[in-house]
Amino acid sequence: MTKNNMHPEVPVEIAGAGPAGLAAAITLAHAGRKVIVHETYKEVGHRFGGDFQGLENWTTRENVLSVFKSMGLTTDFNARPCRDGTVFNAAGKPYEIKSDEPLFYLIERGPGPDTLDSALLRQAQSLGVEVHFNSRLRHMAGEGILAAGPRAADAIAVGYHFETDMADGYWAICDNELAPQGYAYLLVMNGRGTVKSCMFSGFKQEKLYVQRTVEAFQRLVGLEMKNPQPHGGSGNFRIPQSACSGPHPLVGEQAGFQDTLWGFGMRLAISSGVLAAQSLLNGENYDRLWQRELKPQMETSVVNRALYSLVGNSGYRWFLRQVAKPNLRELLRRQYQPSLIKQLLRPWAKRRYQSRRKDLTCDHIDCHCIWCRGECCVHD
Ligand SMILES: Cc1cc2nc3c(=O)[nH]c(=O)nc-3n(C[C@H](O)[C@H](O)[C@H](O)COP(=O)(O)OP(=O)(O)OC[C@H]3O[C@@H](n4cnc5c(N)ncnc54)[C@H](O)[C@@H]3O)c2cc1C
């Protein structure tokens, strides 16, 4: 018997083979538990299909890859350290970013051989985890973890995947005319790239913002796309009262765990998966665990989001002047830590930032934004 009186031979079921679900599965399997992961699609990372994402390296002093290793997770995926880049303001003025240590690692998502998703899958399977593909879990009877991804769209990121002759690099633009209350970004690695408008409002005008984003990167950095394929997705940012559905922990974006400021949700997904598994193994209260380990950072990111949404293009210019200073990683780390001033601003920020809202600029009538196109139907 385990500490919570469950039989180790009875499998734990997990709904969802994303980073959150697979991190939970690996942690349970390391401890000798039988695990069955159900995944709706025929492969891991289906909703990302070759997308590039940034694995942020600024919320902890310790390097994110070392953190993964200390959690018993593989780092056997392509991870390009990103130290230098350029961020533009709305007038096209460039701000160079330099950091001694990687600010983030550029990684690939989806079913390909070198992606984060495939690396976690390989590790889980090598530990004996059964992964059932084309298996959408509708009901969870016994012990299990819910890791099914976003339930609502608080932000969307939309644009293209493409092939290119451009050199590797990353670029971003802070301009509400391209990405309302968010940012536009371009990531290139090994002859492939992704360009996106990551918007927190204005979903109904998605196409217009994507078009402006592509044009801006063409003008500013000579964006060249071969064989562009449309791609997009949504994110759900919410701090729940409880992240349990009955006896079952909710992890990753199904719980609403996200970086509310910019949507760097992978680390929170993975950390919450590990915590949920530990709660089952040790009979600990999961709500207490994530509230202690993850909530302070998430509450700070709500304050950061409320401030970022408020300031507009002129505020972004001030922000970019700070970004261009040396030691950006440390500056960001401090901005993601709780502080007295951010604690005082929290009630105001909570009132300003309402998650799970229906985007007020999208009436969901005759709309083809990424959220209305189907993510709502898949998950509701
Ligand atoms: C376009 C885009 C760009 C992003 N860029 C970044 C970035 O640069 N950095 C970053 O840190 N984060 C980024 N994110 C956010 C990051 O992708 C998510 O936070 C992270 O994937 C959440 O992991 P998860 O395991 O909770 O959910 P998911 O990765 O969504 O995995 C959930 C899985 O559950 C499956 N599923 C759903 N329902 C069921 C069911 N009933 N039964 C079985 N399986 C089910 C789904 O098919 C899916 O495979 C981005 C998101 C988007 C959309």
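Residues numbered from 1 in each chain as written. Predicted model: local features only at pLDDT ≥ 70, side-chain atom pairs only at ≥ 80, totals over all residues.

## Details of the site of the ligand
- Around the ligand there are 36 residues in total, and Gly 18, Gly 149, Gly 233, Gly 252 and Gly 265 lie nearest to it.
- Elements supplying a minimum of two residues to the shell around the ligand: α1 (19–30), β3 (52–56), β14 (226–235) and α5 (266–282).
- Among the elements that make up the shell around the ligand, the one with the highest residue count is β14 (four residues).
- Looking at the shell around the ligand residue by residue, the classes come out as 12 nonpolar, 18 polar and six charged.
- Split by domain, the residues of the shell around the ligand number at least three in each of domain 1 (1–80 + 105–155 + 234–380) and domain 2 (156–233). (Near = placed C-beta within 6 Å. Helix = DSSP H or I, 4+ residues; strand = E, 2+ residues; numbered from the N terminus. Nonpolar A, V, L, I, M, F, W, Y, C, P; charged D, E, K, R; others polar. Domains from an automatic or database assignment.)

## A few points about the sheet that holds strand β1 (residues 12–15)
- On the basis of which strands lie adjacent, the open sheet formed by four strands has the order β8-β2-β1-β9 and parallel pairing. Each end of this open sheet is capped by a strand with a single partner; those strands are β8 (130–132) and β9 (144–146). Strand after strand, the sheet turns through a mean of 15° between neighbouring axes, direction not considered.
- Sheet topology places β1 next to β9; three bridges connect them, and they run parallel. Pairing of Glu 13 across the sheet is with Gly 144, part of β9.
- The strands touched by α1 within the sheet are β1, β2 (35–38) and β9, with β2 carrying the most contacts at an inclination of about 170°. (Pairing = 2+ DSSP bridges. Axes fitted to C-alpha atoms, helices over the stretch in contact; angles between N-to-C directions. Contact = placed C-beta atoms within 7 Å.)

## Quick word on the sheet that holds β3
- With antiparallel pairing, the three strands of this open sheet are ordered in space as β3-β7-β4. In this open sheet, the two edge strands, each paired with only one partner strand, are β3 and β4 (79–82). Within the sheet, the average angular offset between the axes of one strand and its neighbour, ignoring direction, is 30°.
- In this sheet, strand β7 (residues 104–108) lies alongside β3 in antiparallel orientation, the contact comprising five bridges. For Leu 55, the partnering residue across the bridge sits in β7 and is Tyr 105.

## Details of the confidence of the model for the protein chain
- Looking at the protein chain, the pLDDT average stands at 91 and 91% of residues meet or exceed 70.
- Confidence drops under pLDDT 50 across residues 375–380; counting only partners more than four residues distant or on other chains, this segment forms six contacts. (pLDDT = per-residue confidence, 0-100.)

## Comments concerning unusual backbone geometry
- Of note, the phi angle at Gln 181 is positive, near 60°, even though the residue is not glycine.
- Assignment of secondary structure puts Gln 181 in the loop between β11 (169–173) and β12 (183–189).
- For Asn 227, which is not glycine, the phi dihedral falls at a positive 50°.
- Residue placement: Asn 227 occurs in strand β14.

## Describing the nonpolar core
- Core analysis: the biggest nonpolar cluster contains 104 residues, and Ala 24 and Ala 25 have the highest contact counts within it.
- Sort the elements by how many residues they give to this core and α5 lands first, with 10 residues.
- Three or more residues apiece are contributed to this core by two domains, here domain 1 (1–80 + 105–155 + 234–380) and domain 2 (156–233). (Core = buried A, V, L, I, M, F, W, Y, C linked by C-beta atoms within 7 Å. Buried ≥ 20, exposed ≤ 12 C-beta atoms within 10 Å, placed from the backbone.)

## Overview of the packing of helix α7 (residues 295–323) against helix α9 (residues 340–352)
- Two numbers describe how α7 lies on α9: the axes approach to 8 Å, and their chain directions differ by 65°. The orientation of α7 with respect to α9, classified from their angle, is roughly perpendicular. As for the relative orientation of α7 and α9, their crossing is left-handed in sense. Together, Glu 299, Thr 300, Val 302, Val 303 and Ala 306 of α7 and Lys 342, Leu 345, Arg 346, Trp 348, Ala 349, Lys 350 and Arg 352 of α9 make up the contact between the two elements.
- Per-class residue counts for the contact of α7 with α9 are six nonpolar, one polar and five charged. (Parallel < 35°, antiparallel > 145°, perpendicular 65-115°, else oblique. Left-handed = near helix turned anticlockwise from the far one by under 90°.)

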